[in-house]
Amino acid sequence: MLLPVAVVLAIGTIFISVYLAAFHAPRPHDLPVAVVGTTAEAHRLDAGLEHAISGGFDVRPYGDEAAAREAVERREVYAAYVPDRGAGRGKLLYAGANGPSVTATLTAAFAQAGPEVGPPPAAQDILAVSTGDTRGLSVFYAAFGLVLAGYLFGMMTYQAAPALRFRQRIASLTLFGALGGIIVALLAGDTGFGALPGPFAGTAVVTALMAMAAGGATMAIVKWTGSAGAAIASVVLLILGNATSGGVMPASYLPDWLHPLSGVLPVGAGVRALQGMSYFHNDGLWSGLAVLAAWFLACVALLYLRDLRSARKDRPHTP
């Protein structure tokens, strides 16, 4: 009678705690920004930004505006400050594709930097978000939907088809991922809402791997942990995964204890790959594909070992 109450309240408490820790008062931690100038000018700007947000930025010097602009476009930095050598108003180059939260943080911080910057710089969006994604949140919702679908698939596959053999189950998982990837690419790309401007094939592959990784992880967790698997998978994939995905704001905004999860959980790896492929010259694409493939292969191996172990237990012993 008490077990369902305890489990659901525990999951709810974890959900609320994680999301409040991540988003109740988000602020950047060492968010990389560029300045066109010398190392001394970078230190001076860093001191000014420190007054606005303590520990919020990592200022890096670049030799010229072209190099700083390219760094923003490749997401090596999130903004570039170009001072006016005539002591007038400088420029702040930023990528709107990083989302409105990042843009608001940057413009407010540079406006509050004081004499180290001078008058608030003129903000210039050099990489705007797609017109089909005005708030920059489509990648988050697409990833959330995929992971939720993967979680439900992993839960239902043993309930709806308990007698499937290992090869059939993996084939079913692969088919689910492939179809899910195609559906998301059709809905989010140019054929649908125009929210993700990346190539159709690339979007389909990344989202398919995300779905397969989430579904495979749920299957493996349920298979190895039994009745506790549903709760464990929901915490790992739906709560921790989506909170650290970077779909709402970059991982640099996360608390230190959540930040490392962004690069290793399937959702964060997939979100960064999709963003990079859509806007930032494939930043995070190959590392994201590697992480997602590793999750899928590891889950397949765990499922195979579990089925092999069960087969050995069921095998009759001869005297």
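Right above here is the structure, for reference.
Residues numbered from 1 in each chain as written. Predicted model: local features only at pLDDT ≥ 70, side-chain atom pairs only at ≥ 80, totals over all residues. Heavy atoms only, no water.

Q: Would you explain a nonpolar patch on the surface in this entry?
A: A cluster of nonpolar side chains, namely L175, L179, I182, I183, L186, L187, F193 and F200, defines an oily patch on the protein surface of about 790 Å² accessible area. By secondary structure assignment, the location of I182 is in helix α6 (residues 166-188). A relative accessible area of 38% means that I182 is categorised as partly exposed. (Patch = residues over 30% accessible without salt bridge, like charges linked within 9 Å, V, L, I, M, F, W, Y side chains within 5 Å. Areas by Shrake-Rupley, 256 points an atom, 1.4 Å probe, with all protein chains shown as cover. Salt bridge = Lys/Arg side-chain N within 4 Å of Asp/Glu carboxyl O. Helix = DSSP H or I, 4+ residues; strand = E, 2+ residues; numbered from the N terminus. Buried < 20%, exposed > 50% of the residue type's maximum accessible area, 1.4 Å probe, protein only.)

Q: Even after reading the chapter, I still don't get the side chain of T103, so can you show me in this structure?
A: Take T103: it is sitting in helix α4 (residues 100-111). On the accessibility criterion, T103 (18% relative accessible area) is buried. Here T103 is in contact with Y94, A95 and G96, once residues within four sequence places are set aside. (Contact = heavy atoms within 4.5 Å.)

Q: Quick question: what am I supposed to make of the side chain of T157 here?
A: Topologically, T157 is positioned in helix α5 (residues 138-160). A residue is classified by how much of its surface remains accessible, and T157, at 6% relative accessible area, is buried. A distance of 3.0 Å separates a polar atom in the side chain of T157 from a polar atom in the side chain of R169. Once residues lying within four places of it in the same chain are set aside, the contact partners of T157 are P162, R169 and M219. (Polar contact = N/O pair within 3.5 Å; in protein donor to acceptor, adjacent residues only side chain to side chain.)

Q: Explanation requested: the packing of α5 against helix α7 (residues 200-225) in the structure shown.
A: Any two packed helices are characterised by how steeply their axes cross, that is the angle between the axes, and by the distance between the axes. Two numbers describe how α5 lies on α7: the axes approach to 8 Å, and their chain directions differ by 40°. As far as their axial angle goes, α7 and α5 are oblique. Of the two elements, α5 crosses α7, and the hand of that crossing is right-handed. When α5 is examined against α7, the residues A143, L146, V147, G150, Y151, F153, G154, M155, T157 and Y158 are found in contact with a partner set consisting of T207, M210, A211, A214, G215, T218, M219, V222 and K223. Of the residues contributing to the contact of α5 with α7, the split by class is 12 nonpolar, 6 polar and 1 charged. (Axes fitted to C-alpha atoms, helices over the stretch in contact; angles between N-to-C directions. Parallel < 35°, antiparallel > 145°, perpendicular 65-115°, else oblique. Left-handed = near helix turned anticlockwise from the far one by under 90°. Nonpolar A, V, L, I, M, F, W, Y, C, P; charged D, E, K, R; others polar.)

Q: Can you help me understand α4 in this one?
A: Each α-helix turn comprises 3.6 residues. Residues three or four places apart therefore point the same way. The first and last C-alpha atoms of α4 sit 16 Å apart over 12 residues, in line with the 16 Å expected at 1.5 Å per residue. Every buried residue belonging to α4 is among V102, T103, T105, L106, A109 and F110, and all of these are buried. Buried residues of α4, viewed axially, fall in a sector of 165°; they line one side. Contacts made by the buried residues of α4 are with β1 (31-36), α2 (39-52), β2 (57-62), β3 (79-82) and β4 (91-94). (Expected span 1.5 Å × (residues − 1). Arc of directions from axis to C-beta.)

Q: Help me out: how do you make sense of the packing of aromatic side chains in this one?
A: Describing an aromatic ring pair means giving the distance of the ring centres and the angle of the ring planes. For the structure on display, the rule yields 8 aromatic pairs. Geometrically, the ring pair formed by Y81 and F110 is tilted, given 5.7 Å between the ring centres and 40° between the ring planes. Of this pair, Y81 sits in strand β3 while F110 sits in helix α4; the two residues are 29 residues apart in sequence, bridging distant segments of the chain. Each of the two residues, Y81 as well as F110, counts as buried. (Phe/Tyr/Trp six-rings, centres within 6.5 Å; stacked < 30°, edge-to-face > 60°.)

Q: So what exactly am I meant to see when it comes to empty space enclosed by the protein here?
A: The method is simple in principle: a probe with the dimensions of a water molecule rolls over the atoms, and the space it marks as empty is what remains. Considering all chains together, one arrives at 3 cavities of 30 Å³ or more under this definition. The space that makes up the largest cavity amounts to roughly 70 Å³. Forming the boundary of the largest cavity are A97, D133, G136, V139, A195, L196, L274, Q275, S278 and Y279. Examining the composition of the lining of the largest cavity, we find that 3 residues originate from one element, helix α9 (residues 266-278), more than from any other. Looking at side-chain class alone, the lining of the largest cavity contains 6 nonpolar, 3 polar and 1 charged residues. In this model, the second largest cavity occupies a volume close to 40 Å³. (1 Å grid on protein atoms, 1.4 Å probe; cavity = no way out; pocket = protein on both sides within 12 Å on 5 of 7 lines; lining within 4 Å. Points joined across faces, edges and corners; volume = space filled by probe spheres on them.)

Q: Where do I start with the nonpolar core in this structure?
A: In this structure, V206 and M210 are the most contacted members of the largest nonpolar core, which totals 42 residues. Of all elements in the fold, only α5, α6, α7, α8 (229-243), α9 and α10 (285-314) reach the threshold of two or more residues within this core. Looking at which element gives the most residues to this core, the answer is α7, with 12 residues. Counting 22 residues, the second largest nonpolar core, distinct from the first, contains L31, V59, A79 and F110. (Core = buried A, V, L, I, M, F, W, Y, C linked by side-chain atoms within 4.5 Å.)

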